[in-house]
Amino acid sequence: MLKFDFVYLLEQIPKLVPYLDITFLVLILTLFFGTILGFILAAWKLGIRPILSKLAYAFTTAMRCTPSIVLLFLVYYGLPALASIFAFDLNDLSKLFFVVTAFSLSFGNVMSEIIRSSYLAVEKGQYEAAVSVGLTRFDAFRRIILPQAAVVALPNIINSILTLLKEGSLAYTIGLIDVMGKANLLIAMNYEAHALETLLALSFIYWSISIIIEKANELLEQRLSKGRTFVKTV
Amino acid sequence: MLEVREIRKAFGNQEVLSGISFSIEKGDVAVILGPSGSGKTTLLRCLEFFEQADSGEVLFDDIDVDLRNVTKEQIKAIRQKTAFVFQNYNLFNNKTALENVLEGLVIGRKIPKKEAEAIAKEALDKVGLSDKYAYYPSQLSGGQQQRVGIARAIALSPEIIFFDEPTSALDPELIGEVLATMKKIAKEGTTMLVVTHEMSFAQDVANKIIFMDGGSIVEEGTPRQIFTEPKEERTRQFLKRMLPEYTYYI
Ligand SMILES: Nc1ncnc2c1ncn2[C@@H]1O[C@H](COP(=O)(O)OP(=O)(O)OP(=O)(O)O)[C@@H](O)[C@H]1O
Ligand SMILES: [Mg+2]
């Protein structure tokens, strides 16, 4: 085995960094669509229509039992097959589309549970007080419930984003070249010599992003948790 | 001003309100007494539309609501005229004392911010919290929180304020300040419908007592009538338990 080459490791970082744009694109698009899906599913679960609520819970059960990589392949191969039944041709769609679709389904599912439980964590009395002073249902939700639910949800959301970031690396399995895909190519081009250095360089990049996300979490938590000081100053 | 006719409400097959009728005039301070589980909270919650009553009628000034089919507009109109003070305060936890009072004025009533702020501060001053505008509920004692709850209600200048056991979540030493605040606004002519177990308030401040048991009104009258010459045995029994010294009045 080759000697560990620290300089080689450092050299890999600038080669990988340009491919972060795809990694971030996947992350941001998934956050966007997944959050929308999460709100819809949570509304169905909490709503009064039994059919929608059953449907949403069934979706959650199904997603829980599907490994991410299986879901990714299902979407990548299954969606075009399904579409072709209806005479749509999805084969030319970019790989990004399939990756974002697959991750949005699973992230949306996780979000729906986070939204549902944090919504339930806010006491019903908050809503009642809001409508009794004349707020509409929507205003009560937006101004009173949501800010309080967000505080409860934040740690879980951050966790899910970190999970998403890590699972995002699976995108290379269908050939999307993000930072993970590039690392894989670099290793292959070198006939797997210095694979360890490349993978460590990749890990450094992931660690840095995670640290940034966690810092953002801390700042956000401070901002959101106003009114949550438990120091009694009577 | 407010007339309630034959309100009925069941949870499942347990009837909690079995035909409640009473009326309240402007300036009245009416106290509802009754043992635990008699339906007092449910009654107030039905009047604020937190619960949907099964049947009955609510007449509020010129609004006539058939509880069997209530419209959104009617709910809104009634809530405009009423305010609610909760047993466990239900202050908006994410807002300061001042913001708690402002919320209904600015967002609910669409009063310009400047004007609303003056009203809100006046309300907080009235309940003795002029030094606590910027405090969050978690930074206030129970008694202070409930006084913010009262300020939030009076700031809206409702025609009537419903109080559901406003002092029963408080430590004994904090009850006095809340009762004093309630007494103060009652003396200013605020119309109030109060569920409480505080007999002193019922005796000294109320001009009307409604005694409920098992989902019905057993008897109603002036504090004098109810406390010194109750007609019904059930009222007598209840008062005897609540006021051990009551026996001396006979
Ligand atoms: N949401 C609900 N679902 C089912 N039953 C309920 C509900 N709310 C109240 N009840 C029942 O209705 C009855 C009356 O309750 P309510 O809270 O109105 O009594 P109360 O007179 O306010 O009593 P307390 O003095 O203990 O506050 C009780 O038997 C209670 O268990
Ligand atoms: Mg009660």
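Right above here is the structure, for reference.
To keep things clear, this report deals only with the structure shown in the data block. (Residues numbered from 1 in each chain as written. Chains lettered and ligands numbered in written order. Predicted model: local features only at pLDDT ≥ 70, side-chain atom pairs only at ≥ 80, totals over all residues. Heavy atoms only, no water.)

**A word on the interface of chain B and chain A**
Link 1 in the chain: Tallying the contact residues gives 27 residues for chain B and 25 residues for chain A.
Link 2 in the chain: Each partner contributes to the roughly 2,300 Å² buried at the junction of chain B and chain A, and carbon and sulfur atoms together form 49% of this total.
Link 3 in the chain: On the chain B side of the interface with chain A, the three residues burying the most area are Phe 92, Asn 94 and Ser 138 of chain B, jointly 23% of the side's total.
Link 4 in the chain: Among the salt bridges present, the one from Glu 128 of chain A reaches Arg 45 of chain B, with a minimum N-O distance of 2.6 Å.
Link 5 in the chain: Our count for the chain B to chain A interface comes out at eight residue pairs in polar contact (both at pLDDT 80 or more).
Link 6 in the chain: Sorting the residues of the side of chain B that touches chain A by element identifies strand 6 (82-85), helix 3 (97-108) and helix 5 (142-155) of chain B as the ones contributing at least two each.
Link 7 in the chain: Per element, the largest residue contribution to the side of chain B that touches chain A is four residues, and it comes from helix 3 of chain B.
Link 8 in the chain: Broken down by class, the residue content of the side of chain B that touches chain A amounts to ten nonpolar, eleven polar and six charged. (Contact = heavy atoms within 4.5 Å. Buried area = accessible area lost by both parts, 1.4 Å probe. Salt bridge = Lys/Arg side-chain N within 4 Å of Asp/Glu carboxyl O. Polar contact = N/O pair within 3.5 Å; in protein donor to acceptor, adjacent residues only side chain to side chain. Helix = DSSP H or I, 4+ residues; strand = E, 2+ residues; numbered from the N terminus. Nonpolar A, V, L, I, M, F, W, Y, C, P; charged D, E, K, R; others polar.)

**Quick word on the sheet that holds strand 6 of chain B**
Sheet strands pair by backbone hydrogen bonding; their relative direction is either parallel or antiparallel.
All names here are of chain B.
Link 1 in the chain: If you walk across this open sheet you meet the six strands as 6-7-8-3-9-10, and the pairing is mixed. Each edge of the open sheet carries a strand with a single partner, namely strand 6 and strand 10 (216-221). Averaged over all pairs of adjacent strands, the angle between strand axes in this sheet comes to 20 degrees, irrespective of strand direction.
Link 2 in the chain: By the bridge criterion, four bridges tie strand 7 (residues 160-164) to strand 8 (residues 192-195) in an arrangement that is parallel. By the bridge assignment for strand 8, Asp 164 is matched with Val 195.
Link 3 in the chain: In this fold helix 5 packs onto strand 6 and strand 7, with an angle of close to 175 degrees to the strand it touches most, strand 6. (Pairing = 2+ DSSP bridges. Axes fitted to C-alpha atoms, helices over the stretch in contact; angles between N-to-C directions.)

**Observations concerning the sheet that holds strand 4 (residues 55-60) of chain B**
Residue and element names in this part refer to chain B.
Link 1 in the chain: Pairing in this open sheet of four strands is antiparallel, and the strands run 2-1-4-5 from one edge to the other. Taken across any chain shown, the strands that pair with only one partner, and hence form the sheet edges, are strand 2 (14-24) and strand 5 (63-66). Between one strand and the next, the sheet's axes are offset by a mean angle of 15 degrees, whatever the strand orientation.
Link 2 in the chain: In the packing of helix 1 (residues 40-47) onto the sheet, contacts are made with strand 1 (2-11), strand 2 and strand 4, and the angle to strand 2 comes to roughly 65 degrees.

**Some words on the site of ligand 1**
Residue and element names in this part refer to chain B.
Link 1 in the chain: Residues in contact with ligand 1 amount to 13 residues; listed here are only the nearest, Ser 36, Gly 37, Lys 40, Thr 41 and Thr 42.
Link 2 in the chain: A distance of 2.7 Å separates an oxygen atom of ligand 1 from a polar atom in the side chain of Lys 40.
Link 3 in the chain: One of the side-chain nitrogen or oxygen atoms of Thr 42 is found 2.5 Å away from an oxygen atom of ligand 1.
Link 4 in the chain: Burial of ligand 1 by the protein chains amounts to 61% of its free accessible area of 630 Å².
Link 5 in the chain: Within the residue set of the shell around ligand 1, elements represented by two or more residues are strand 2 and helix 1.
Link 6 in the chain: With three residues, the single largest contributor to the shell around ligand 1 is helix 1. (Near = heavy atom within 4 Å. Areas by Shrake-Rupley, 256 points an atom, 1.4 Å probe, with all protein chains shown as cover.)

**Re the nonpolar core**
Link 1 in the chain: The biggest cluster of nonpolar side chains holds 93 residues, and the ones touching the most others in it are Ile 7, Leu 33 and Leu 193 of chain B.
Link 2 in the chain: A per-element tally of this core places helix 6 (residues 172-187) of chain B first, with seven residues.
Link 3 in the chain: In terms of nonpolar packing, the next biggest core, distinct from the first, is built from 43 residues, Leu 20, Leu 90, Ala 153 and Tyr 206 of chain A among them. (Core = buried A, V, L, I, M, F, W, Y, C linked by side-chain atoms within 4.5 Å. Buried < 20%, exposed > 50% of the residue type's maximum accessible area, 1.4 Å probe, protein only.)

**Side note on the pairing of strand 3 (residues 29-33) of chain B**
Looking down a regular strand, the side chains alternate between one sheet face and the other.
Residue and element names in this part refer to chain B.
Link 1 in the chain: In terms of burial, strand 3 is largely enclosed, as five of its five residues are buried.
Link 2 in the chain: Two strands pair when backbone bridges link them, and strand 3 and strand 8 are joined in this way by four bridges, in the parallel orientation. Residue pairing in the sheet places Ile 32 in a bridge with Val 195 of strand 8.
Link 3 in the chain: Bridge count for strand 3 against strand 9 (residues 208-213) is four bridges, and the pairing is parallel. Looking across to strand 9, one finds that Val 31 is bridged to Ile 209.

**So, the pattern of salt bridges**
All names here are of chain B.
Link 1 in the chain: As enumerated under the stated definition, the model contains 22 salt bridges over all chains in all.
Link 2 in the chain: We note a salt bridge from Lys 81 to Glu 159, for which the minimum N-O separation is 3.2 Å. Here Lys 81 is found in helix 2 (residues 72-81), whereas its partner Glu 159 is found in the loop between helix 5 and strand 7, with 78 residues between them in sequence.
Link 3 in the chain: Since its relative accessible area comes to 16%, Lys 81 is described here as buried.

**Description of helix 1 of chain B**
Residue and element names in this part refer to chain B.
Link 1 in the chain: Helix 1 sits mainly inside the fold: seven of its eight residues count as buried.
Link 2 in the chain: The set of residues buried in helix 1 consists of Lys 40, Thr 42, Leu 43, Leu 44, Arg 45, Cys 46 and Leu 47.
Link 3 in the chain: One or two steps after helix 1, the chain reaches Phe 49, where phi turns positive at roughly 65 degrees.

**Considering the pairing of strand 8 of chain B**
Link 1 in the chain: Going residue by residue along strand 8 of chain B, you find Met 192 and Val 194 of chain B tucked away on one face and Leu 193 and Val 195 of chain B tucked away on the opposite face as well.
Link 2 in the chain: With helix 6 of chain B bridging strand 7 of chain B and the parallel strand 8 of chain B, this β-α-β connection has right-handed handedness. (Right-handed = clockwise from strand over helix to strand, strands pointing away.)

**Overview of the environment of Leu 29 of chain A**
All names here are of chain A.
Link 1 in the chain: For Leu 29, the position within the fold is in helix 2 (residues 20-46).
Link 2 in the chain: The exposure class assigned to Leu 29 is partly exposed, which follows from its relative accessible area of 27%.
Link 3 in the chain: Here the alpha-carbon distance between Leu 29 and Phe 97, two residues 68 residues apart in the chain, equals 9.7 Å.
Link 4 in the chain: Contact partners of Leu 29, with chain neighbours within four places excluded, come to Gly 34, Leu 96, Val 100 and Ser 104.

**Here's the deal with the packing of helix 1 (residues 6-16) of chain A against helix 8 (residues 179-189) of chain A**
All names here are of chain A.
Link 1 in the chain: At a minimum axis separation of 10 Å, helix 1 and helix 8 run at an interaxial angle of 130 degrees. Considering the angle they form, helix 1 stands oblique to helix 8. The two elements helix 1 and helix 8 cross, and the hand of that crossing is right-handed. Packed against helix 1, whose contacting residues are Gln 12, Lys 15 and Leu 16, the element helix 8 presents Val 179, Lys 182, Ala 183 and Leu 186 at the interface.
Link 2 in the chain: For the contact of helix 1 with helix 8, the class distribution of residues is four nonpolar, one polar and two charged. (Parallel < 35°, antiparallel > 145°, perpendicular 65-115°, else oblique. Left-handed = near helix turned anticlockwise from the far one by under 90°.)

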